[in-house]
Amino acid sequence: MDCIRIRNLEVFGHHGVYREENKLGQKFIVCADLYMDTRTAGLSDDIEQSVNYGEVCKLIDKHMREKTFYLIEAAAEDLAKAILLKFDRIERVELEVKKPWAPIGLPIEEVSVKIDRKWHDAYIGLGSNMGDKWDNINEALKKMSLDDDIKVIEVSTLIETRPYGYEEQDDFLNGAVHITTLYSPSELLKCLSEFENLAGRKREIHWGPRTLDLDILFYDDIILDTRELTIPHFDMINRDFVLNILFLIKQ
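Report on the accompanying structure. (Residues numbered from 1 in each chain as written. Predicted model: local features only at pLDDT ≥ 70, side-chain atom pairs only at ≥ 80, totals over all residues. Heavy atoms only, no water.)

Brief notes about the sheet that holds strand β2 (residues 26-36)
Read across the open sheet, the four strands follow the order β1-β2-β3-β4; overall the sheet is antiparallel. Edge strands, defined here as strands with exactly one partner in the open sheet, are β1 (2-13) and β4 (111-118). Averaged over all pairs of adjacent strands, the angle between their axes in this sheet comes to 15 degrees, without regard to strand direction. Sheet topology note: the β1/β2 ladder contains 10 bridges and is antiparallel. In the sheet register, Glu10 faces β2, and the bridge partner there is Ile29. Running at roughly 35 degrees to β1, helix α3 (residues 53-66) makes contact with β1, β2 and β3 (92-99) of the sheet. (Pairing = 2+ DSSP bridges. Helix = DSSP H or I, 4+ residues; strand = E, 2+ residues; numbered from the N terminus. Axes fitted to C-alpha atoms, helices over the stretch in contact; angles between N-to-C directions. Contact = heavy atoms within 4.5 Å.)

Right under this line is the structure:
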């Protein structure tokens, strides 16, 4: 992927664990690698097809000046998220925040934190078989669209399906949604679980009836198997409707 590089931007901020740092402030140095496709801009010579790195520098300066964090780790996270939310063309950012005057009582050139953040591709399974099924799913989609860390790209058609595993329950309404997200897999799982809880989901019977079911089907190209989360979704191959929906949504 192409990259626009910003090197050693000097800014002022009030970040540090000591009261004097928060009150008096100090110099920080920021480096940023902005990953995006620059080919269209390069062929057209049109600034509108690229990212104005001057505006990125102004955003970095503004956030570093106007906010206060104890940790430069927090300052770096805030900057990376702000850049990715503000500039749609930027898909990934590598950010380094340097603190040249770190008060540790020893000779040191600088202390820095370097992070790599990006928009991740994910597919989420949608399901409901209690209450107003359509409303349950649409409300979940609305919550996703209102979350700064999630962009809803495309939603599949919703279809009626027979229950799986525990059959003594109503038919399901199922679908899938393609999103991009700044959340890690575990953070996304926590977010989706909160949406389920807000919809009144009760986990009383395995594969039992539920007001809302949100499953992470895919997340980038990762393969993950932990106690809390398996990606790709462990039971996806046993549910034909999931494969059919994903085929439709990826067309």
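Here the narrative resumes, following the displayed structure.
Things to note about unusual backbone geometry
That bond from Ile231 to Pro232 is cis: its omega, -5 degrees, falls within 30 degrees of zero. Following the sequence through the fold, Pro232 ends up in the loop between β11 (230-231) and α7 (240-249). Located in the positive-phi region is Asn8, a residue other than glycine, with phi close to 55 degrees. By the secondary structure assignment, Asn8 is in strand β1.

Function cannot be inferred from these measures alone, as they are strictly geometric.
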